[in-house]
Number of protein chains: 2
Amino acid sequence: MATARIPEATVARLPVYLRSLTELAADGQATTSSDILAERAGVNAAKVRKDLSYLGTHGTRGVGYDVRHLVFEVSRALGVANTWPVIVCGLGNLGRALANHTGFTERGFPVVAAIDVDAELVGTTIDGVAVHSPDKLAEVVAAEGVAIGVIATPAAAAQETADLLVAAGIRSILDFSPTVVSVPPDVEVRAVDLSTELQILGFHLQRDLPPEVNL
Amino acid sequence: MATARIPEATVARLPVYLRSLTELAADGQATTSSDILAERAGVNAAKVRKDLSYLGTHGTRGVGYDVRHLVFEVSRALGVANTWPVIVCGLGNLGRALANHTGFTERGFPVVAAIDVDAELVGTTIDGVAVHSPDKLAEVVAAEGVAIGVIATPAAAAQETADLLVAAGIRSILDFSPTVVSVPPDVEVRAVDLSTELQILGFHLQRDLPPEVNL
DNA sequence: GTGCGCTTGTGAATTCGATCACGAGTTCCG
DNA sequence: CGGAACTCGTGATCGAATTCACAAGCGCAC
Ligand SMILES: NC(=O)c1ccc[n+]([C@@H]2O[C@H](COP(=O)([O-])OP(=O)(O)OC[C@H]3O[C@@H](n4cnc5c(N)ncnc54)[C@H](O)[C@@H]3O)[C@@H](O)[C@H]2O)c1
Ligand SMILES: NC(=O)c1ccc[n+]([C@@H]2O[C@H](COP(=O)([O-])OP(=O)(O)OC[C@H]3O[C@@H](n4cnc5c(N)ncnc54)[C@H](O)[C@@H]3O)[C@@H](O)[C@H]2O)c1
């Protein structure tokens, strides 16, 4: 019964498949094929089949996959039945956008609390999210059963915020600050670095149009 | 003089190295080592050396790298001397946060314009960014020399926005919507999908704590 | 100038992921 | 029932990225 190890690269694609499948189900499609899924997910069909094969999923040869069943399988693999409460750290421009976003709650990641150093904010409720002082973090995490911490503080405060989250028992962190935070090995950090993304795009732009002479 | 092809994985790390190097320079460090850079960038030292070797960079054996020189080399490889104007499409919660963010301009990615369908917004200026109607996109892109388009519209409008951007001549897109947009092969899309990031964290949380029995 | 400790640069080995290619199962039709 | 059309599952192959491991270069001390 033990699901074999699912490769990281596959895990990263499962949410995309799940979205496509949900859309197909909403469209009333009862079955689908690796070709159709590949098209929707922007990958190639062989990859879809291999990915799904890691789930121990069984499509039907000559027919395709049953959409409802596949939704179930992928959901189970991702554990989307679970709800993982989120705390947002730093309610600036970005933090507010995140706190306000309804899409996360729909997917099982409700923002249940926030922290900020700004004395004006502490004690208030923004978009339905109560703002606490950072020194209350551990308390809030325990009370709300927070599983994931989001860092949306300025870069200078990112490491200390990560330390607080770790101390509070959080083992999953989504970091938006343009820094590399260090945490114990049993804590997973995913960094979403928008400047880096832009710089990668910039690199390719420069590469594709190289008729300039450099200094 | 032709710089050899730099692997994608390396390109993605260069911005992180550049940040670390800039910090080191600010700290007054004249030289550094692959060990120190590795520590700061959160990777291992062999990877740092291999990455830098693709730049044709020459550190000094027994000594390390000259920080100023390395800043120069990495900057040149990334083309950070260039400025790539950005347009933000969709000025909702996320779009406003992006438009307001100063960090991008500092790194050579000024937000020079925005588009939105909301008639209330069109014609106004938000955080110094003029908001235009989507049908003015091509015009604005040409006038401002926009190089990169950011999609921060609702998912339902993402594809049509991408089409508009492509039609306007944009070849680099950063997409925040939870969708896969399709574009011609010569256009690069980088998707930043926050829900997917959370779902990946959720997957690992579930995997690390598996004492439950499933349906 | 000789030796020692330090650090780079890089071939080689390894791991991981993507892709290919095809055997096998399914449906349908005549 | 036979064959054609379709689609999955997967071993095999290919390629990219990571990691290893060490020779070679550098600087300092004596
Ligand atoms: N706004 C964007 O579009 C954007 C884009 C890319 C990256 N980022 C990064 O995201 C982070 C947040 O950006 P922002 O624009 O929201 O910044 P911001 O300055 O608007 O907000 C930062 C918030 O964090 C709070 N804060 C400061 N120190 C704190 C601490 N120790 N603990 C808790 N809260 C603290 C501040 O009071 C403020 O409310 C930054 O690291 C920024 O570089 C933002
Ligand atoms: N807010 C977040 O924290 C967050 C997090 C993750 C993902 N996202 C995604 O980012 C996107 C934007 O999120 P948001 O919270 O800012 O949404 P939002 O609803 O606040 O804003 C969307 C904006 O886009 C505009 N718009 C709609 N159709 C348009 C079109 N065709 N052309 C141009 N503009 C158009 C709307 O007028 C509105 O101003 C969504 O796809 C959302 O799923 C947002």
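Calculation notes
Residues numbered from 1 in each chain as written. Chains lettered and ligands numbered in written order. Predicted model: local features only at pLDDT ≥ 70, side-chain atom pairs only at ≥ 80, totals over all residues. Heavy atoms only, no water. Near = heavy atom within 4 Å. Polar contact = N/O pair within 3.5 Å; in protein donor to acceptor, adjacent residues only side chain to side chain. Areas by Shrake-Rupley, 256 points an atom, 1.4 Å probe, with all protein chains shown as cover. Helix = DSSP H or I, 4+ residues; strand = E, 2+ residues; numbered from the N terminus. Salt bridge = Lys/Arg side-chain N within 4 Å of Asp/Glu carboxyl O. Buried < 20%, exposed > 50% of the residue type's maximum accessible area, 1.4 Å probe, protein only. Domains from an automatic or database assignment. Nonpolar A, V, L, I, M, F, W, Y, C, P; charged D, E, K, R; others polar. Pairing = 2+ DSSP bridges. Contact = heavy atoms within 4.5 Å. Axes fitted to C-alpha atoms, helices over the stretch in contact; angles between N-to-C directions. Least-squares fit on C-alpha atoms with pLDDT ≥ 70 in both.

Novice: How should I be thinking about the protein's contact with DNA strand C in this particular structure?
Specialist: In the vicinity of DNA strand C lie 27 residues, with Arg61 and Gly62 of chain A together with Ser34, Gly59 and Tyr65 of chain B positioned nearest. Counting only atoms of DNA strand C within 4 Å of the protein, the fraction found in sugar and phosphate groups is 63%. One nitrogen or oxygen atom from the main chain of Thr57 of chain B is found 3.3 Å from a phosphate oxygen belonging to DNA strand C. At 2.6 Å from a phosphate oxygen of DNA strand C is found a main-chain nitrogen or oxygen belonging to Gly59 of chain B.

Novice: For this particular structure, what's the right way to read the site of ligand 2?
Specialist: Close to ligand 2 lie 24 residues; Gly92, Asn93, Leu94, Asp116 and Thr153 of chain B are nearest. Neighbouring residues of ligand 2 are distributed over chains A and B. Within the contact set of ligand 2, an oxygen atom lies 2.5 Å away from a side-chain nitrogen or oxygen of Asp116 of chain B. Contact distances for ligand 2 include 3.5 Å between an oxygen atom and a backbone N or O atom of Ala155 of chain B. For ligand 2, whose unbound accessible area comes to 820 Å², protein coverage reaches 82%. Sorting the residues of the shell around ligand 2 by element identifies α5 (93-100) of chain A together with α5 (93-100) and α8 (155-167) of chain B as the ones contributing at least two each. Among the elements that take part in the shell around ligand 2, α8 of chain B stands out by supplying four residues, more than any other.

Novice: Can you walk me through the pattern of salt bridges in this structure?
Specialist: Between side chains of opposite charge, pairing is possible as soon as their charged atoms come close. All names here are of chain B. Using the criterion set out here, one finds 14 salt bridges over all chains in the structure. Between Asp51 and Arg13 there is a salt bridge, with its nearest N and O atoms 2.6 Å apart. With Asp51 in helix α3 (residues 45-54) and Arg13 in helix α1 (residues 8-26), this pair connects stretches of sequence that are 38 residues apart. The pair formed by Asp51 and Arg13 is uniform in burial state, with each residue classed as buried. Residues Asp27 and Arg40 are paired through a salt bridge, measuring 3.7 Å at the closest nitrogen-oxygen approach. Remark: Arg40 occurs in helix α2 (residues 34-41) and Asp27 occurs in the loop between α1 and β1 (31-32); sequence separation between them is 13 residues.

Novice: Teacher, can you tell me more about the domain arrangement of chain A here?
Specialist: How big an interface is tends to be expressed through the accessible area that disappears when the partners come together. Domain parsing of chain A yields domain 1 (3-78) and domain 2 (86-197). Here the C-alpha centroids of domain 1 of chain A and domain 2 of chain A sit 31 Å apart.

Novice: Got a minute to help me understand the site of ligand 1 in this structure?
Specialist: Neighbouring residues of ligand 1: 23 residues in total, closest Gly92, Asn93, Leu94, Asp116 and Thr153 of chain A. Neighbouring residues of ligand 1 are not confined to a single chain but are spread across chains A and B. Separating an oxygen atom of ligand 1 from a backbone N or O atom of Asn93 of chain A is a distance of 3.0 Å. Here Thr153 of chain A contributes a backbone N or O atom positioned 2.7 Å from an oxygen atom of ligand 1. Elements with a minimum of two residues in the shell around ligand 1: α5 and α8 (155-167) of chain A together with α5 of chain B. Among the elements that line the shell around ligand 1, the one with the most residues is α8 of chain A, at three residues. The class makeup of the residues in the shell around ligand 1 is 14 nonpolar, six polar and three charged.

Novice: I would appreciate a short explanation of the sheet that holds strand β6 (residues 129-132) of chain A in the present structure.
Specialist: Strand pairing in a sheet relies on backbone hydrogen bonds. The paired strands run either parallel or antiparallel. Residues and elements named next belong to chain A. Strand order in the open sheet formed by seven strands is β5-β6-β4-β3-β7-β8-β9, and the pairing between neighbours is mixed. Every other strand in the sheet has two partners, leaving β5 (125-126) and β9 (188-191) as the edge strands with one partner each. Bridge analysis of strand β3 (residues 86-89) against strand β4 (residues 111-115) gives four bridges, and the strand direction is parallel. Looking at the pairing, Val88 lines up with Ala114 of β4. Across the sheet, helix α7 (residues 137-144) is in contact with β3, β4 and β6; its angle to β4 comes to roughly 175°.

Novice: Looking at this structure, how should I read the relation of the copies chain B and chain A?
Specialist: In summary, the two copies of the chain are related to each other by a rotation about an axis coupled with a shift along it. By a simple turn and slide, chain B fits onto chain A: the slide is 0.0 Å along the axis, the RMSD is 0.1 Å, and the turn is 180°. On the angle and the small slide along the axis, the relation comes out as a two-fold axis.

Novice: Just to check I follow, could you spell out the protein's contact with DNA strand D for this structure?
Specialist: Taken together, 25 residues surround DNA strand D, and among them Ser34, Gly59 and Tyr65 of chain A together with Arg13 and Gly62 of chain B come closest. Sugar and phosphate atoms form 71% of the subset of DNA strand D atoms that lie within 4 Å of the protein. The side chain of Arg61 of chain A places a nitrogen or oxygen atom 2.9 Å from a sugar or linking oxygen of DNA strand D. At 2.9 Å, a backbone N or O of Gly62 of chain B approaches a base nitrogen of DNA strand D. Among the secondary structure elements, those contributing two or more residues to the surface near DNA strand D are α3 (45-54) of chain A together with α1 and α3 of chain B. In the surface near DNA strand D, the residues fall into five nonpolar, eleven polar and nine charged.

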